[in-house]
Amino acid sequence: VPLLDYIVDFYCHEIGLAIEIDGNSHNDKFQYDARRQGRLEEYGVHFLRFTTDEIVHDLENVLDTIRLIIFEANS
């Protein structure tokens, strides 16, 4: 699956998962991330976005979201 010249923070080819860390907020100022997410999903890539705050303050929810994608990929 091509990443279409996009840089993501984490990509796992085996389960088709891309993770983007957005800093302190989800910034869609130019709709760049929304377009990228749509294009990657066209290729079957699960695209998850988290903020730094979500990772620091709600890590268990972040991990549960990732675990769900891994579980579905292995089912």
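An account of the accompanying structure is given in this report.

1. What about the overall build of the protein?
For step 1, the next point in the chain: Along its length, the protein carries three helices and three strands.
For step 2, the next point in the chain: Shown N-terminal to C-terminal, the secondary structure of the protein runs as helices and strands in the order β-β-α-β-α-α.
For step 3, the next point in the chain: For the protein, the residues scored as buried account for 29% of the 75 residues in total.
For step 4, the next point in the chain: Sequence-distant contacts, at least 24 apart, represent 60% of the contacts inside the protein between residues at least 6 apart.

2. Some remarks on the sheet that holds strand β2 (residues 17–21)
For step 1, the next point in the chain: With respect to topology, three strands assemble into an open sheet ordered β1-β2-β3, the strand pairing being mixed. Of all strands in the sheet, those with a lone pairing partner are β1 (10–12) and β3 (46–50), marking the two edges. Across this sheet, the average inter-strand angle for adjacent strands is 15 degrees, counted without regard to direction.
For step 2, the next point in the chain: The pairing of β2 with β3 spans five bridges and is classified as parallel. Bridge pairing in β3 links Ile21 to Phe50.

3. A few points about the pattern of salt bridges
For step 1, the next point in the chain: The tally for this structure, following the rule as stated, stands at four salt bridges.
For step 2, the next point in the chain: Its salt-bridge partner being Arg67, residue Asp64 comes within 2.9 Å of it at the nearest N-O pair. Placement of the pair is Asp64 and Arg67 together in helix α3 (residues 59–73), with a separation of three residues, close to one helical turn.
For step 3, the next point in the chain: In this structure Arg67 comes out as partly exposed when scored by relative accessible area, which is 42%.
For step 4, the next point in the chain: One salt-bridge network, in which partners are shared between bridges, spans Glu60, Asp64 and Arg67.

4. A few points about α3
For step 1, the next point in the chain: Between its first and last C-alpha atoms α3 spans 21 Å; for 15 residues at 1.5 Å apiece the expected length is 21 Å, and the two agree.
For step 2, the next point in the chain: Every buried residue belonging to α3 is among Val62, Ile66 and Ile69, and all of these are buried. Along α3, the residues classed as buried sweep out an arc of 55 degrees about the axis, all on the same side.

Calculation criteria
- Residues numbered from 1 in each chain as written.
- Predicted model: local features only at pLDDT ≥ 70, side-chain atom pairs only at ≥ 80, totals over all residues.
- Heavy atoms only, no water.
- Helix = DSSP H or I, 4+ residues; strand = E, 2+ residues; numbered from the N terminus.
- Buried < 20%, exposed > 50% of the residue type's maximum accessible area, 1.4 Å probe, protein only.
- Contact = heavy atoms within 4.5 Å.
- Pairing = 2+ DSSP bridges.
- Axes fitted to C-alpha atoms, helices over the stretch in contact; angles between N-to-C directions.
- Salt bridge = Lys/Arg side-chain N within 4 Å of Asp/Glu carboxyl O.
- Expected span 1.5 Å × (residues − 1).
- Arc of directions from axis to C-beta.

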